[in-house]
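Results of the structural survey
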Amino acid sequence: MDCLNISKQGNVGKTKNEQEIYTKDGSVDRHGRPAIRDKTGSWFAGILILVNQGLATLAFFGVGVNLVLFLTRVLGQDNAEAANNVSKWTGTVYIFSLLGAFLSDSYWGRFKTCAIFQAIFVFGLISLSLTTYLFLLKPTGCGSEESPCQSHSSLHIGLFYISIYLVALGNGGYQPNIATFGADQFDEENHKEGHSKIAFFSYFYLALNLGSLFSNTILGYYEDRGLWALGFWASTGSAVLALGLFLGGMGRYRHYVPKGNPLCRFCQVLVVACKNWRVGEEVKEGDLFELEDSKGGDRKIVHSKGFRFLDRAAFIKEENYSNMAMRTPWHLCTVTQVEEVKCILRLLPIWLCTILYSVVFTQMASLFVEQGAAMKTTISSFHIPPASMSSFDILSVAIFIFVYRRVLDPLVARIRNGPKGLTQLQRMGIGLAIAIVAMVVAGVVELFRLKHKYVTKDCASTAEGCQDASSLSILWQIPQYVLIGASEVFMYVGQLEFFNGQTPDGLKSFGSALCMTSISLGNYVSSLLVTIVMKVSTSDEMPGWIPGNLNKGHLDRFYFLLAALTAADFIIYLLCAKWYKYMKFRVDDRDVNQRV
């Protein structure tokens, strides 16, 4: 592969030692020349990207973590409406990840895509800060739990929604590409950098969580006291600094040349396979077409036995032998092109099984916060903002990343007597199992909160929310946050590695976008589930499971419902994981398993 990359640039005469100065994975520098290992990429570029991710996450969660309280206290929405709007907004963030991945893989490349969407992100935060300060915090000093704001005009509310959806567009288009761009800085064909690439995903998710720690504590505290404009301006400053650092490392990054529209390549396989539908079921591997060299440094994918109908797209018919030079992908596809389609088809069942986990995860930004707001939020004279409880989730992520990488993974590898610990699919399954326990624990805490000895009598008789709704301390929420954090380490870090590693070279951003869209659909499913539950559970005598005053509802039943649905999803996931076959690459005329 290294000889191939150098010969493409007219450097066939270089010795083997001279060739080692270049990366072997087809990456290039910003001028389009083969990337020099010691002058580009590796941990110098990786650390810049990790810091960028931490600052950008701080900015994003400075808006997102308390958005449900902003909607109730500043815009006057009730709990169910606010939870639904947060779920829809968060879902839209991750839907935009598909747009960012498409532009990156097809046309712009990851660096340009990240820079453009980060600029949109900064513009959206500036607009949000100005709109909040000038129009929404009226009368002055409103926005706290004790002082809700007055009603607003449709124009001002419209400006607010335009601003937060610009933030969604910018962050959504940036997120899948920055994760993949960071992984691009490590050459997995090099043994040392290959291990660094695997470690990068864990550190990336850690940076994401550490970045949100400041938002969930300091910013969350000030926003809970009604200082929303200060919180939003702090987020804006963090985003500007993140963009400046990212652009500052421009000369040290490694890049991949965009491979063109993947939808076109997929359609070519389907069209040619349909044209050759008369070909027999048993297509021999020797009759399939593959290029001798990998174009642009891309690795060739080994032929697999599943989805045999698609093999017809690479079948060489007798009339094709005479005009191979005139071949077009609309008449004959390569094995690698066919396997790209197969890879995506194999990923889809696994991806679908991760959506319900995201339904559980999104409760931290909505119902967990509302549950905490209905509990005792003071210790002595100190007030704990409900949104800041997610700090325990972040600490849990940091601890469990260390435990997994330093303790659990080496232990499993030792037991198996091999170099590898848990596979990515096994880790994702463990994450699902822990999420089930987290929902059961959250439901049990809510049961105790609803006990009469914990609920203030005056509060239980009122129609809407009230102060000090329960004498049960908000600290009882710690176990459910810790469990969610543990499940993230197994599920989301495993997802990042799995979808990035199991997508072809020209679709890496799409692989990361699959992680984001599972979160997106999880938020939409959560919103739909809340709507259905409220419609079914509301009657003349019962205001529904999630009413404005949670003491009149049954949030515990909703948590137990999520636990049951996730348990059913877990069973389906086990079947899909058992069926899944890992992708194989052909390197130096050898078939090798993709790292798992």
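Note that this is a predicted model, so its numbers are computed, not measured. (Residues numbered from 1 in each chain as written. Predicted model: local features only at pLDDT ≥ 70, side-chain atom pairs only at ≥ 80, totals over all residues. Heavy atoms only, no water.)

**Quick notes on empty space enclosed by the protein**
Basically, it comes down to this: A cavity, in this analysis, means grid points on a 1 Å lattice covering only the protein atoms where a 1.4 Å probe fits yet has no way out; a pocket is instead an open set bounded by protein on both sides within 12 Å along at least five of seven lines, and a residue lines either one if it has an atom within 4 Å of a point. Grid points are joined across faces, edges and corners, and a volume is the space filled by probe spheres set on the points. For the purposes of this entry, the term helix denotes a DSSP run of H or I that reaches at least four residues, the term strand denotes a run of E that reaches at least two, and both are numbered from the N terminus. Amino acids outside the nonpolar list (Ala, Val, Leu, Ile, Met, Phe, Trp, Tyr, Cys, Pro) and the charged list (Asp, Glu, Lys, Arg) are all regarded as polar, and Gly is one of them.
Throughout the structure, instances matching the rule amount to five cavities of 30 Å³ or more. Of the pockets and cavities examined, the largest cavity occupies roughly 560 Å³. If you trace the largest cavity, you find 34 residues lining it, with Phe60, Phe61, Tyr94, Leu208 and Phe361 closest to the centre. Of all elements in the fold, only helix H3 (42-64), helix H5 (79-108), helix H7 (154-184), helix H8 (191-224), helix H14 (391-416), helix H17 (478-501) and helix H18 (508-537) reach the threshold of two or more residues within the lining of the largest cavity. Broken down by element, the residue count for the lining of the largest cavity peaks at six residues, all from H8. Classifying every residue of the lining of the largest cavity by side-chain character gives 20 nonpolar, twelve polar and two charged. One number sums up the size of the second largest cavity: a volume of about 140 Å³. In this structure, the second largest cavity is lined by 14 residues; those nearest its centre are Lys197, Tyr256, Arg299, Asp505 and Lys508. No other element matches the three residues that H7 contributes to the lining of the second largest cavity. Considered class by class, the residues forming the lining of the second largest cavity number three nonpolar, two polar and nine charged.

**Looking at the state of the cysteines**
What counts here: We call a pair of cysteine sulfur atoms a disulfide whenever their separation is within 2.5 Å. Categorising residues by exposure relies on relative accessible area from a 1.4 Å probe, with only protein chains included: less than 20% of the type maximum marks a residue as buried, more than 50% marks it as exposed, and the intermediate range marks it as partly exposed.
In total, this model carries one disulfide according to the counting rule given. You can see Cys264 has no disulfide; the closest cysteine sulfur is in Cys267, sitting 6.8 Å from it. Cys264 gets classed as partly exposed once you look at its relative accessible area, which sits at 33%.

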